[in-house]
Amino acid sequence: MKGSFLDHLIMDNDVLKQFKNLTTKEEKLFYYAFGKLQSRAVAIKKEIQRNKAVNNKKFGIDSSSIDVDIEEIGIVSELEVNISYDEVKILNNINRVDKNNFKDIEKNLLKDACTIGIWSDGNYTVISLYEKIIFNNDKRRIEVLFTESAAKLLTVIDDKVSKDEEGKCLGGFTTISINNICPLKKSYDLKFYLYALTILRGNKGCITIGMDGLRGILGPDAKIEDKMFYQRYIKNPAKAINDLKLDIKIGTERKGENVVINVVKRKEK
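First, a word on scope: everything that follows refers to the structure included in this document.

How each quantity is defined
- Residues numbered from 1 in each chain as written.
- Predicted model: local features only at pLDDT ≥ 70, side-chain atom pairs only at ≥ 80, totals over all residues.
- Heavy atoms only, no water.
- Helix = DSSP H or I, 4+ residues; strand = E, 2+ residues; numbered from the N terminus.
- Contact = heavy atoms within 4.5 Å.
- Pairing = 2+ DSSP bridges.
- Axes fitted to C-alpha atoms, helices over the stretch in contact; angles between N-to-C directions.
- Patch = residues over 30% accessible without salt bridge, like charges linked within 9 Å, V, L, I, M, F, W, Y side chains within 5 Å.
- Areas by Shrake-Rupley, 256 points an atom, 1.4 Å probe, with all protein chains shown as cover.
- Salt bridge = Lys/Arg side-chain N within 4 Å of Asp/Glu carboxyl O.
- Expected span 1.5 Å × (residues − 1).
- Bend = angle between axes of the 7 residues up to and from the residue.
- Phe/Tyr/Trp six-rings, centres within 6.5 Å; stacked < 30°, edge-to-face > 60°.
- Buried < 20%, exposed > 50% of the residue type's maximum accessible area, 1.4 Å probe, protein only.
- Arc of directions from axis to C-beta.

1. Here's the deal with the overall build of the protein chain
Here is step 1: Helix and strand counts for the protein chain stand at 10 helices and 12 strands.
Here is step 2: A separation threshold of at least 6 residues defines the contact pool for the protein chain, and within that pool the share at least 24 residues apart is 63%.

2. So, the sheet that holds strand β12 (residues 258–265)
Whether parallel or antiparallel, the strands of a sheet pair through hydrogen bonds between backbone atoms.
Here is step 1: Pairing in this open sheet of 3 strands is antiparallel, and the strands run β10-β12-β11 from one edge to the other. Bordering the open sheet on either side are β10 (204–210) and β11 (248–255), each of which pairs with just one other strand. Across this sheet, the average inter-strand angle for adjacent strands is 15 degrees, counted without regard to direction.
Here is step 2: Sitting on the sheet, helix α10 (residues 226–244) is in contact with β11 and β12, with an inclination near 160 degrees to β11.

3. Some words on unusual backbone geometry
Here is step 1: One non-glycine residue, arginine 140, lies in the positive phi region at around 50 degrees.
Here is step 2: Tracing the backbone through its elements, the reader meets arginine 140 in the loop between β5 (130–136) and β6 (141–146).
Here is step 3: Positive phi is not limited to glycine here, since lysine 245 has a value of about 55 degrees.
Here is step 4: Summarising the element assignment, lysine 245 is placed in the loop between α10 and β11.

4. Comments concerning the pairing of β11
Here is step 1: Here β11 pairs with β12 via 8 bridges, running antiparallel. Pairing of threonine 252 across the sheet is with isoleucine 261, part of β12.
Here is step 2: Between the end of β11 and the start of β12, which pair antiparallel, lie 2 residues, with glycine 256 showing a positive phi angle near 65 degrees.

5. Observations regarding a nonpolar patch on the surface
Here is step 1: Nonpolar side chains collect at one region of the surface, where Trp119, Tyr124 and Val126 lie side by side and expose about 350 Å² of accessible area between them.
Here is step 2: Along the chain, the position of tyrosine 124 falls in strand β4 (residues 123–128).

6. Some thoughts on α10
Here is step 1: Taking 1.5 Å per residue as the helical rise, α10 with its 19 residues ought to reach 27 Å, and the 26 Å between its terminal C-alpha atoms agrees with that figure.
Here is step 2: Along its length, α10 reaches its greatest deviation from straightness, about 30 degrees, at arginine 232.
Here is step 3: Residues of α10 that are buried sit in contact with α8 (187–199), α9 (211–218), β11 and β12.
Here is step 4: Of the residues flanking the end of α10, it is lysine 245, one or two places downstream, whose phi is positive at about 55 degrees.

7. Comments concerning the packing of aromatic side chains
Here is step 1: Considering all chains together, one arrives at 6 aromatic pairs under this definition.
Here is step 2: With centroids separated by 5.5 Å and ring planes inclined at 35 degrees, the aromatic side chains of tyrosine 130 and phenylalanine 146 adopt a geometry described as tilted. Taken together, the residues span a long stretch of sequence, with tyrosine 130 in strand β5 and phenylalanine 146 in strand β6 at a distance of 16 residues.
Here is step 3: Given the relative accessible area of 9%, tyrosine 130 is considered buried.
Here is step 4: One aromatic cluster is present, built from ring pairs that chain together Phe30, Tyr31, Phe34, Tyr130 and Phe146.

8. Regarding helix α4 (residues 85–92)
Here is step 1: The complete set of buried residues in α4 reads Tyr85, Glu87, Val88, Leu91 and Asn92. An end-on view of α4 places all buried positions within 150 degrees of arc, on one side of the element.
Here is step 2: Backbone geometry just after α4 places asparagine 93 at a positive phi near 55 degrees.

9. Re the pairing of β5
Here is step 1: As defined by bridge partners, β5 adjoins β6 across 6 bridges and the pair is classed as antiparallel. Across the sheet, residue tyrosine 130 finds its bridge partner in β6, namely phenylalanine 146.
Here is step 2: Linking two consecutive strands that pair antiparallel, namely β5 and β6, is a turn of 4 residues; a positive phi of about 50 degrees is found at arginine 140 within it.

10. A short note on the sheet that holds β6
Here is step 1: An order of β2-β6-β5 is seen for the 3 strands of this open sheet, with the pairing classed as antiparallel. Edge positions in the open sheet fall to β2 (80–84) and β5, since each of these has one partner strand only. Between one strand axis and the next, the sheet turns by 15 degrees as a mean value, whatever way the strands run.
Here is step 2: With respect to the sheet, α4 is in contact with β2, β5 and β6, its orientation differing from that of β2 by roughly 70 degrees.

If you want it as structure tokens, here you go:
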């Protein structure tokens, strides 16, 4: 596909667990739009670093550690992200895009889920994400205008993300493959996939967590009994993800009031 369809983005693990009440379409739109903003910031930062390195070399200044903050990037003046209807089709596996595809998006994204909370340096901050979202049918695109506070979230991510020698994302952040969330059609599957990514430590991860804890992450408003909750929110999504042969393989086992979840990164083909 031509255009700027993303390969991946980096997101705070805690943020992945906060969008519980969005539909699959809305959640994919959120991650994709933020990923576009993030990609732009990274590209601008690299360009600034290259220019600084060239200038420093002229004057014999050490360029081994060049820092660039959010003000230098200037991302606060470039907060509108455009997503073409063709990109939306691929994201959601649909043939037609119009306003009716997202009839509740103003309510869910701009009101109910317009803020996220992040921990930084021992402080908890609630950040408002959006100024507005426009469905521009004339230009066949969705125009997402982020707030300056949302742009500052990029600084927090940039400051905290560390990578080991193999380039794996560490330190409470996860790399999300956009291509791997596209095939996920059900909200249960998408939410469990994103949660499973947070369990990874390198190429594998295992966690034992209580059913109450999983309810809080995957379905806080679900009123069904534990047996049905496990089946609908955990076991079935794991099977769907494994059947699609995405970038991770998931194993689940219920042990009384707890659930054991094993996640393994598949080898790249």
